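Okay, here's what each chain looks like letter by letter:
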Number of protein chains: 2
Amino acid sequence: MIITGEALIGGLAVKGKGGSFNAFDPSKREELQPAFHMVDVSQINEACTLAGAAFDAFRATSDAQRADFLEAIGAQIMALGDTLIERAMAESGLPRVRLEGERGRTVNQLKLFADLLREGSWRDNRIDSALPERTPPRPDLRMRLIPVGPVAVFAASNFPLAFSVAGGDTASALAAGCPVVLKAHSAHPGTSELVARAIVKAVELCRLPVGVFALLTGTGNGIGQTLVAHPSIQAVGFTGSRSGGTALMAVAAARPQPIPVYAEMSSINPVYLLPQALAARGDEIAKGFAASLTMGVGQFCTNPGLVLGLAGDAFDRFAKVAAEALAPVQGATMLTPGISGSYQRGVAALAGQECVRTLAKGEQEEGKGAPALFQTTAASFLAERALHEEVFGPASLLVACADVAEMAAITERLEGQLTATLQLDEGDFDAAQKLLPVLERKVGRILANGFPTGVEVSTAMVHGGPFPATADGRSTSVGTGAITRFLRPVCYQNLAQALLPESLRDGNPLDIWRRRDGALGKA
Amino acid sequence: MIITGEALIGGLAVKGKGGSFNAFDPSKREELQPAFHMVDVSQINEACTLAGAAFDAFRATSDAQRADFLEAIGAQIMALGDTLIERAMAESGLPRVRLEGERGRTVNQLKLFADLLREGSWRDNRIDSALPERTPPRPDLRMRLIPVGPVAVFAASNFPLAFSVAGGDTASALAAGCPVVLKAHSAHPGTSELVARAIVKAVELCRLPVGVFALLTGTGNGIGQTLVAHPSIQAVGFTGSRSGGTALMAVAAARPQPIPVYAEMSSINPVYLLPQALAARGDEIAKGFAASLTMGVGQFCTNPGLVLGLAGDAFDRFAKVAAEALAPVQGATMLTPGISGSYQRGVAALAGQECVRTLAKGEQEEGKGAPALFQTTAASFLAERALHEEVFGPASLLVACADVAEMAAITERLEGQLTATLQLDEGDFDAAQKLLPVLERKVGRILANGFPTGVEVSTAMVHGGPFPATADGRSTSVGTGAITRFLRPVCYQNLAQALLPESLRDGNPLDIWRRRDGALGKA
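It should be emphasised that the depicted structure is a prediction, and the values quoted were computed from it without experimental measurement.

**Quick look at the nonpolar core**
Where a protein is soluble and globular, its nonpolar side chains tend to be buried together. Counting 72 residues, the largest nonpolar core has F69(B), L70(B), I73(B), I77(B), F213(B), I483(B) and F486(B) as the members making the most contacts within it. In contact with I483(B), not counting residues within four places along its chain, are F113(B), L116(B), L117(B), W122(B), S172(B), A175(B) and A176(B). Counting 57 residues, the second largest nonpolar core, distinct from the first, contains I73(A), A166(A), V200(A) and V203(A).

Here is the structure:
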């Protein structure tokens, strides 16, 4: 398949009417061909209007049809073959093995949602039987979840496949029955076009309305703001920076009809070194931490950017071993010059803080990111809010605490996080019990004896957390739970069987789990 | 129990430090004693801080303990006896039979949430088994929903019991494990104080932290804005006007940490007269409609404020019969002078529209509301947005449409609604099939051959709908589904059994429905 630099609207490749831009190879530091043409306002509006027009037909498809569609997308992505991997490597600087793995994750994610649809209980179908003899009589009430409407999805820079054009937001929205208007990330427009063409091909093969999917290409904030303000759009999925996410939240809240925004934004993912674990296996934890911190040049939302331990010899040794593990790690190419520049400014700012000691800091070459490890005191951390901010890349800050109570106190002062990690042994369980209630309030996922990088795509995953980890802590953007972001309940009162949706009819024709008079069952 | 005019903070009756105001008997048109003292900012902050401090202990209670607590509240409300009913009658002008019924509904609602807690699956517990042999290994992942934190609840004027101090918002928030800081409605402060004292008594009896519940008393918008802005507050439940709800949405969105607002605000609840049903039983429907419109002086969120029918003899006859049924209905006391004044201004504005014909309009006496029925054309309705606005009270507007397609077109232009009602016979099913997809997008509940007033409290009820029916169409404020408004997911990765919440432990010690590797079961 050839990359033409076009957007995809109404099932057709269309040349953007705005200006043009080129992708950039961050490894070779050179522009890539061809040029991409930016969509203008009329093209954004057209994509949204088509999505609105496609919505009723798309949501009227059966779960089995949408499951087939998701798997067809996966097959079409695989059919792109090495063209996709090579373009993604060129645009992201990420290695082949990582991108092949990410492609597998992307395809499996589509498959997971297909399985969810086939299982059938995702609509939370509920039936309350009529009680005609009661005073007053109770009507027949049936409830199901339906899709909210077209969803605007903003692709992330750091996962050019799994959190991008056919990533988790798109997969969960399409599974729900919501058309998707996708704003490609300008860091990997060619990868985006290829995947979008795969989706459009699947739309064709499955004979779905052309408005089910559109790809908008461009740079800057204007496209996103126009997209989120369009009346057809009913929800937003976003993965990116805090400033980008909060800007979209503001646009969504200011609409005549406000809409929900699911923005995954900012997290420093605290790691807690509990004393017994630190004493027993501090060196091993330090090495594991260094590996987690530098994996993928630290360009993960779940990167461990904060480590809390009890001041003392064991923690000093941890710091030393971690710094030693980081020292030989060379700076590596980051996703974009912008990300690299921002990382280097963040590292320099931390290094320049009077209250911060630099334990390790590689040479920061242009376009790259070298690991950096810092340390400060609990008092300084509490006093200086700048130390709480995410530095996207392989940088982390160690904080020496007086005791577990101080760890908890610091946690209380943290903003919302995607994850928290406890390094603990059995002797640490009492300490963990003190921390857990605070952590539950602050984070979406609590890990024991692992590292937060690595987000399983499954039923029980939560990749979410209180603001600013996400815009809306009631949700996850990874795993099957992500579908609920794009659903809302509708109740049918005394509706005739012939008019009821199949999932709510008597006799349970779809043979799915439902709740009847409050009790789960298939009867 | 004696009404003292005090707020309830920290389990104690405290005299507000702000100004004072009196309740008003809308039937006798006289002030009621005693005076109520308004809380000041320091008292609001104290209530919120106590709620925050109580949160971890309250959410650590077992489901059985919170179920007992909810039932204890119900018992304490019943123990108030006639004192409560008489005060509510005086403050609302509503008749005894209605308020006794509403008390029953309130107590049953608490019982429904107690039953939900005892059933145990409300946390949506999920377990994904570890797959240590997989490459990469899958960790053990367990997910449950936890409460979001203290909730600010704003009581409604029109249900002084069921949507007020111990109403659906409070019941669902307490069931979830969220402390509640309740802003009493200034129209029934004495009723509020009595019910709040019942809750505080139940808090004592159940030995719960004093911060679990607080009652704030006062008038004006200041208390609500301070309350919603307080950092301890993590969600908002509100039933009231569109202006009030959107003002709180703005405060919540402008916080350093934005929080969700569940405001139930504005709805005109369209009724669709499909041709076969209209021809077969138009008179009966007209009489039923008139009864639904005037019930409780039209002071329901689900009052049928818009009727769409096909222009012609049958619709003309419907209009005539409905007008005749309304003509003898006297104006009746409305809840407050403010509501009555606003209703009368709304009726006058409709009557003054050039494109609107008045079919029935009773004499509007001070403090009362008399039924009013108007008619306009589809073209006028589409052209004049003012005709789409809710007139809270017993007023409705008939719109003559050319055909079902025009009914659908008008529906497309409506804002979000709580309900839509289809009057239909079997011969109307084709027409209904055309309307249903549009209705699903616009409303929270679709009724057949009934009237929208009357909202069952059950498992499958949806009392919600797209903006501006509610601030957040992904939710219901009535029925067990309301609990999900105050929950968010947390995932536990590789956590030791001893540290896991009981609902997620191996062996299913609580014997509840859970999802293991995607499949529902109790294994």
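**Brief notes about the pattern of salt bridges**
Applying the stated rule across the entire model yields 64 salt bridges over all chains. Salt-bridge contacts for R59(A) lead to E440(B); the nearest nitrogen and oxygen are separated by 2.7 Å. One end of the pair, R59(A), is in helix α1 (residues 41-59); the other, E440(B), is in helix α14 (residues 429-442), on a second chain. Among the residues examined, R59(A) registers a relative accessible area of 10% and is labelled buried. Using a relative accessible area of 8% as the deciding quantity, one classes E440(B) as buried. Between D472(B) and R474(A) there is a salt bridge, with the nearest N and O atoms lying 3.5 Å from each other. Residue D472(B) is located in the loop between β20 (443-448) and β21 (487-493), and its partner R474(A) is located in the loop between β20 (443-448) and β21 (487-493); the two belong to separate chains. Classification of D472(B) by relative accessible area gives buried; the value is 7%. A single network of salt bridges, built from pairs that share partners, joins D56(A), R59(A), R144(A), E412(B), E440(B) and R441(B).

**Thoughts on the packing of aromatic side chains**
Residues and elements named next belong to chain A. Overall, the coordinates contain 17 aromatic pairs over all chains when judged by the stated rule. Arranged with centres 6.0 Å apart and planes meeting at 90°, the rings of F58 and F69 form a pair that is edge-to-face. With F58 in helix α1 and F69 in helix α2 (residues 63-79), the pair connects residues that are 11 residues apart, well separated along the chain. Both residues of the pair, F58 and F69, belong to the buried class. Of the aromatic side chains, those joined through ring pairs into one cluster are F159, F163 and F300. When the ring centre of F159 is taken as reference, the NZ or CZ atom of R98 above it lies at 4.6 Å.

**Observations concerning helix α10 (residues 313-326) of chain B**
Residue and element names in this part refer to chain B. With 14 residues, α10 should cover 20 Å at 1.5 Å per step; its first-to-last C-alpha distance of 20 Å lies within 8% of that length. Looking at α10, one finds that the buried residues are F315, F318, A319, V321, A322, A323 and L326. Looking at the buried side of α10, the elements it contacts are β12 (270-273), α9 (275-294), β13 (306-310), β15 (357-361), β17 (372-377) and β18 (395-401).

**Section: the sheet that holds β18(B)**
Read across the sheet, 12 strands follow the order β23(A)-β22(A)-β5(A)-β6(A)-β21(A)-β20(B)-β19(B)-β12(B)-β13(B)-β18(B)-β17(B)-β15(B) without closing on themselves; strand pairing throughout is mixed. Each having just a single partner strand, β23 (519-521) of chain A together with β15 of chain B make up the two edges of the open sheet. For this sheet the average axis-to-axis angle between neighbouring strands, irrespective of direction, equals 20°. Pairing of strand β5 (residues 126-128) of chain A with strand β6 (residues 141-147) of chain A, which is carried by 3 bridges, proceeds in the antiparallel orientation.

**A few points about the relation of the copies chain B and chain A**
At an RMSD of 0.0 Å, chain B and chain A line up after a rotation of 180° and a shift of 0.0 Å along the axis. What we have between these two chains is a two-fold relation. Proximity to the rotation axis, assessed at the C-alpha, singles out A253(B) in chain B; its C-alpha lies 3.8 Å from the axis. When the interface residues of chain B are mapped onto chain A, 100% of them are again interface residues, pointing to one common binding face.

**Quick word on the interface of chain B and chain A**
Counting from both sides, the interface comprises 68 residues of chain B and, opposite them, 68 residues of chain A. Regarding the contact of chain B and chain A, the summed buried area is about 5,700 Å², with carbon and sulfur atoms giving 57% of it. Summed over the shared surface of chain B and chain A, the number is 12 salt bridges. Our count for the contact surface shared by chain B and chain A stands at 41 residue pairs in polar contact (both at pLDDT 80 or more). Among the secondary structure elements, those contributing two or more residues to the side of chain B that touches chain A are α1 (41-59), β5 (126-128), β6 (141-147), α14, β20 and β21 of chain B.

**Digging into the pairing of strand β19 (residues 417-423) of chain A**
Residue and element names in this part refer to chain A. Counting buried positions along β19 gives 7 out of 7 residues, so the element sits mostly inside the fold. Both strand β12 (residues 270-273) and β19 contribute to a ladder of 3 bridges, which runs parallel. In the strand pairing of β19, Y272 is matched with L422. For β19 and β20, the ladder comprises 5 bridges, and the chain directions are parallel. Each residue of the ladder has a partner; that of A420, found in β20, is I446.

**Structural notes on the packing of α1(A) against α14(B)**
At a closest axis distance of 11 Å, the pairing of α1(A) and α14(B) adopts a crossing angle of 110°. Between α1(A) and α14(B), the angle falls in the class roughly perpendicular. Residue-level contacts link F55(A), D56(A) and R59(A) of α1(A) to P437(B), E440(B) and R441(B) of α14(B).

**Examining the sheet that holds β5(B)**
Taking strand neighbours across the sheet as the criterion, the 12 strands line up as β15(A)-β17(A)-β18(A)-β13(A)-β12(A)-β19(A)-β20(A)-β21(B)-β6(B)-β5(B)-β22(B)-β23(B) in an open arrangement whose pairing is mixed. Looking at strand neighbours, the two that pair on one side only are β15 (357-361) of chain A together with β23 (519-521) of chain B, the edges of this open sheet. Within this sheet the neighbouring strands show an average axis-to-axis angle of 20°, counted without direction. Against the sheet, helix α10 (residues 313-326) of chain A makes contact with β12, β13 (306-310), β15, β17 (372-377) and β18 (395-401) of chain A, and its axis sits at roughly 160° relative to β17(A), the strand it touches most.

Criteria and cut-off values
- Counting restarts for each chain, with residues numbered from 1 along the sequence as it is written.
- A letter from A marks each chain and a number from 1 marks each ligand, given out in the order of writing.
- For this predicted model, a pLDDT threshold of at least 70 governs which residues receive local features, and a threshold of 80 or more governs which side-chain atom pairs are given and counted, while totals over whole chains, interfaces and linings are taken from all residues.
- As a rule here, side-chain values cover all heavy atoms of the structure and leave hydrogens and water aside.
- Nonpolar cores are built from buried Ala, Val, Leu, Ile, Met, Phe, Trp, Tyr and Cys residues. Side-chain atoms within 4.5 Å join them into one set.
- In this scheme, a residue with accessible area under 20% of its type's maximum is buried, one over 50% is exposed, and one in between is partly exposed, where area comes from a 1.4 Å probe on protein chains only.
- Note on definitions: a residue-residue contact is assigned when non-hydrogen atoms from the two residues lie within 4.5 Å.
- A pairing counts as a salt bridge when a side-chain nitrogen of Lys or Arg comes within 4 Å of a carboxyl oxygen of Asp or Glu.
- Put simply, DSSP marks the helices as runs of H or I at least four residues long and the strands as runs of E at least two long, and each gets a number from the N terminus on.
- The pairing test for Phe, Tyr and Trp rings, Trp by its six-membered ring, is centres within 6.5 Å, and the orientation test on the planes gives stacked under 30 degrees, edge-to-face over 60, and tilted for anything in between.
- Here, over-ring charges are defined by two tests on the NZ atom of lysine or the CZ atom of arginine: distance to the ring centre within 6 Å, and angle to the ring normal within 35 degrees.
- Multiply 1.5 Å by the residue count of a helix minus one, and that product is the helix's expected span.
- Here, any two strands with at least 2 DSSP bridges between them count as paired.
- Comment: axis = line fitted to C-alpha atoms, over the contacting stretch for helices; angle = value between 0 and 180 degrees taken between N-to-C directions.
- C-alpha atoms of residues with pLDDT of at least 70 in both copies form the basis for the least-squares superposition of the copies.
- Here's the idea: put two parts together, see how much 1.4 Å probe accessible area each one loses, and the total over both is what we call buried area.
- Any pair of nitrogen or oxygen atoms within 3.5 Å is treated as a polar contact; in protein, a donor-acceptor pairing is required on top of that, and neighbouring residues in sequence qualify only through side-chain atoms on both sides.
- Put simply, angles under 35 degrees are roughly parallel, angles over 145 are roughly antiparallel, angles from 65 to 115 are roughly perpendicular, and the rest are oblique.

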